[in-house]
Amino acid sequence: MERRRFLAGAGAVTAGAVVATGPGTPGQAVPGVRRVATGLDVLVDSGFAALAGQRVGVVSNPTGVDSAYRHLVDLMHASGRVQVVAAFGPEHGFRGSAQAGGSEGTGTDARTGITVYDAYGASQAKWESLFTTASVDTIVFDIQDVGARFYTYIWTMYTSMVAAARVGKRYVVLDRPNPVGGRARGPMMTPAFTSGVGLKEIVQQHGMTVGELARFFNAEFLPADAGRPVELEVVRCRNWKRDRLAADTDLPWVMPSPNMPTPDTALVYPGTCLFEGVASITEGRGTCRPFELIGGLAGDFDHHWGDRLNARNLPGVEFREAYFSPTAAGQKPALLNKLCAGVEVKVVDRSAYDPIRTAVAMLVEARKYPAFAWRFDSYDTVRPYWVDKLTGSPRLRTMIDAGADVDDVVGAWADELAAFERQRRPYLLY
């Protein structure tokens, strides 16, 4: 296994032999797409060399699979080469059975017999306790991210990295491609609005892989938050480039969460997840097209929304008039199983589509309906608007309320986005 050091504070990067990966059948080529090896594929091909002689704890979920859908923990357990002593389940759980905001609890994994610890929402102190209780030497992270700041798995990685640094444990990230590519977009998180959907200052669509984020976190945030960087190694992908989306590779898609069924969902999610912050509009949870179907109660919203959006000629996207009934409420029980009217977001040119700009246009037009209302959480008296936590500040909400149009809203974060692109550059691997 070839190794080389990038930025001592960021972490080592491991490169391995190219692994042929076709969905379902290792080594089988798929016409029209690029053959890509994930960090897990590279690790398996090396005979698990990066983990030899270590007591390993795994942070993963159902997405931690190879090209034949075999899970990382199952592969390690069966290999006889790795001593897996624990697994740690994030939001939705290690085997993925829990809905949004839920976990599976702590128990014994039926397939392997190892202890699976409930780590959803774990503080750094709890992570430290879990690592000590499980008596691990090395923590391995392998979860498919979807490229948005408010998707919680990257913050599971961050908090567990801080804990590992504090208790002197090694941290290995098995990298996976970012399914929405390597371009950064959107506003920056501000310190006053950090939360579980954005713990640190990165932009809304970060355009980084989890391995790149780990290197960024390790150099930019851990020295202050953990007292030192963690001993980090990233097992990088092979044959992936930053301009490639999930559809451009032959990697299998496993739902990272119950309402992330396809790569098409991931493509729109960095934008349309903002509708979590609108009380009167559902983001389509519980339908077959969550985050692509967006609407409010029929009668309150209508076909004019889609007509006005199509008249804007937004790049790479068209809007279909849509009617549906969401079967999962999230924080909006008034919309559960009710007929909703709105749009289906139809991406017609992936290379031209900008999910955040598109979502801003959707919000600007939706704000014109009298029934429009931002989600207001009375439990948070200081920061009650959920959309502020999603976007990182009150700016988007207050600008739209004041009548700002799309160019003004998007232009407001141009400087901070450019600064983030410069800041992240040393940690990019692809």
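The structure presented is a predicted model; accordingly, all values stated were derived computationally and were not measured.

*Asks:* So what exactly am I meant to see when it comes to the overall build of the protein chain here?
*Replies:* A tally of helices and strands in the protein chain yields 13 helices and 15 strands. For 430 residues, the compact-globule estimate of 2.2 N^0.38 gives 22 Å, and the protein chain sits close to it at 21 Å. Relative to its full complement of 430 residues, the protein chain shows a buried share of 58%. Taking as baseline every contact in the protein chain between residues at least 6 positions apart, the subset at least 24 positions apart corresponds to 73%. Here the protein chain has roughly 16000 Å² of accessible surface; of this, 49% comes from carbon and sulfur atoms. Distance between charge centres in the protein chain, computed from 46 positive and 46 negative side chains, equals 4 Å.

*Asks:* I tried to follow the UniProt feature "domain: Peptidoglycan beta-N-acetylmuramidase NamZ C-terminal" (unreviewed entry) in the protein chain on my own but got confused; where do I start?
*Replies:* In the numbering used here, UniProt assigns the feature "domain: Peptidoglycan beta-N-acetylmuramidase NamZ C-terminal" (unreviewed entry) to residues 267-430. Secondary structure across residues 267-430 comprises 34% helix and 14% strand; the distance between its end C-alpha atoms is 20 Å.

*Asks:* Can you walk me through empty space enclosed by the protein in this structure?
*Replies:* One simple way to see leftover space: roll a probe sized like a water molecule over the atoms. Under the defined criterion, the tally for this structure stands at five cavities of 30 Å³ or more. A volume near 70 Å³ is recorded for the largest cavity. Lining the largest cavity, in full, are Thr38, Asp41, Thr63, Val65, Asp66, Ser67, Gln144, Arg176, Leu251, Pro252, Trp253 and Val254. Reported here for the second largest cavity is a volume of approximately 50 Å³. Broken down by class, the residue content of the lining of the second largest cavity amounts to eight nonpolar, no polar and two charged.

*Asks:* How should I be thinking about the packing of aromatic side chains in this particular structure?
*Replies:* One pair of aromatic rings is described through two measures. These are the centre distance and the angle between the planes. The tally for this structure, following the rule as stated, stands at 22 aromatic pairs. Ring plane angle 70° and centroid distance 6.4 Å describe the contact between Phe216 and Phe217, whose orientation is recorded as edge-to-face. A relative accessible area of 0% means that Phe216 is categorised as buried. Ring pairs connect the aromatic residues Trp155, Tyr158, Phe216, Phe217, Phe221, Phe420 and Tyr427, which therefore count as one cluster. Seen from the ring of Phe221, Lys200 lies directly overhead, with NZ or CZ sitting 5.4 Å from the centre. Between the NZ or CZ atom of Arg397 and the centre of the ring of Tyr385, over which it lies, the distance is 3.9 Å.

*Asks:* Where do I start with the nonpolar core in this structure?
*Replies:* Inside soluble globular proteins, nonpolar side chains tend to come together where they are buried. Within the largest apolar cluster, 103 residues are counted, with the highest numbers of intra-cluster contacts made by Phe88, Met157, Tyr171, Phe217 and Leu396. No other element matches the ten residues that helix H4 (residues 153-167) contributes to this core. If near-sequence neighbours (up to four positions away) are discounted, Tyr171 is found in contact with Ile139, Phe141, Met157, Ser160, Met161, Ala164, Val230, Glu231, Leu232 and Glu233. Judged by nonpolar contacts, the second largest core, of 23 residues, contains Ala87, Phe94, Val116 and Val172.

*Asks:* Help me understand the sheet that holds strand E14 (residues 317-324) in this model?
*Replies:* Adjacent strands of a sheet pair through backbone hydrogen bonds, lying either parallel or antiparallel. One open sheet accounts for four strands, arranged E12-E13-E15-E14; its pairing is antiparallel. Looking at the sheet topology across the chains shown, the edges are occupied by strand E12 (281-282) and E14. Where strand E13 (residues 293-297) lies against strand E15 (residues 340-347), five bridges are found, and the strand directions are antiparallel. Along E15, the bridge assignment pairs Leu293 with Glu344.

*Asks:* I'm lost on the packing of helix H7 (residues 263-272) against helix H9 (residues 355-366) in this one. Help?
*Replies:* Two quantities define a packed helix pair, namely the angle between the axes and the distance from one axis to the other. Two elements in contact, H7 and H9, have axes whose closest approach is 7 Å; the angle formed by their N-to-C orientations is 55°. One way to sum up the angle between H7 and H9 is to call them oblique. Note that H7 runs across H9; the crossing there is right-handed. Between H7 and H9, the contacting residues are Leu267, Val268, Pro270, Gly271 and Thr272 on the first element and Pro355, Ile356, Ala359 and Met362 on the second. The class makeup of the residues in the contact of H7 with H9 is seven nonpolar, two polar and no charged.

*Asks:* Explain H9 here, please?
*Replies:* Helical geometry: 3.6 residues make up each α-helical turn, so side chains three or four residues apart lie on a common side. With twelve residues, H9 should reach 16 Å at 1.5 Å per residue; the first-to-last C-alpha distance of 16 Å fits that figure. Along H9, eleven of the twelve residues are buried, which leaves the element largely enclosed by surrounding structure. Inspection of H9 places Pro355, Ile356, Thr358, Ala359, Val360, Ala361, Met362, Leu363, Val364, Glu365 and Ala366 among the buried residues, and these make up the whole buried set. Its side-chain oxygen 3.1 Å from the backbone nitrogen of Ile356, Asp354 forms the N-cap of H9.

*Asks:* Explain the pattern of salt bridges here, please?
*Replies:* Pairing is possible between side chains of opposite charge, provided their charged atoms come close. Inspection of every chain in the model, using the stated rule, returns 28 salt bridges. Among the ionic pairs, Asp66 bridges to Arg70, the shortest N-O distance being 2.7 Å. Classification of Arg70 by relative accessible area gives partly exposed; the value is 41%. One salt bridge connects Arg285 with Glu283, and the closest N-O pair in it is separated by 3.0 Å. Here the two residues Arg285 and Glu283 agree in accessibility, since each one is buried.

What counts, and where the lines are drawn
- Residues numbered from 1 in each chain as written.
- Predicted model: local features only at pLDDT ≥ 70, side-chain atom pairs only at ≥ 80, totals over all residues.
- Heavy atoms only, no water.
- Helix = DSSP H or I, 4+ residues; strand = E, 2+ residues; numbered from the N terminus.
- Rg over C-alpha atoms; globule rule 2.2 N^0.38 Å.
- Buried < 20%, exposed > 50% of the residue type's maximum accessible area, 1.4 Å probe, protein only.
- Contact = heavy atoms within 4.5 Å.
- Areas by Shrake-Rupley, 256 points an atom, 1.4 Å probe, with all protein chains shown as cover.
- Lys, Arg positive; Asp, Glu negative; His and termini not counted.
- Charge placed at Lys NZ, Arg CZ, Asp CG, Glu CD.
- UniProt positions renumbered as here; feature names shortened; annotations may be inferred.
- 1 Å grid on protein atoms, 1.4 Å probe; cavity = no way out; pocket = protein on both sides within 12 Å on 5 of 7 lines; lining within 4 Å.
- Points joined across faces, edges and corners; volume = space filled by probe spheres on them.
- Nonpolar A, V, L, I, M, F, W, Y, C, P; charged D, E, K, R; others polar.
- Phe/Tyr/Trp six-rings, centres within 6.5 Å; stacked < 30°, edge-to-face > 60°.
- Lys NZ or Arg CZ within 6 Å of the ring centre and 35° of its normal.
- Core = buried A, V, L, I, M, F, W, Y, C linked by side-chain atoms within 4.5 Å.
- Pairing = 2+ DSSP bridges.
- Axes fitted to C-alpha atoms, helices over the stretch in contact; angles between N-to-C directions.
- Parallel < 35°, antiparallel > 145°, perpendicular 65-115°, else oblique.
- Left-handed = near helix turned anticlockwise from the far one by under 90°.
- Expected span 1.5 Å × (residues − 1).
- Polar contact = N/O pair within 3.5 Å; in protein donor to acceptor, adjacent residues only side chain to side chain.
- Salt bridge = Lys/Arg side-chain N within 4 Å of Asp/Glu carboxyl O.

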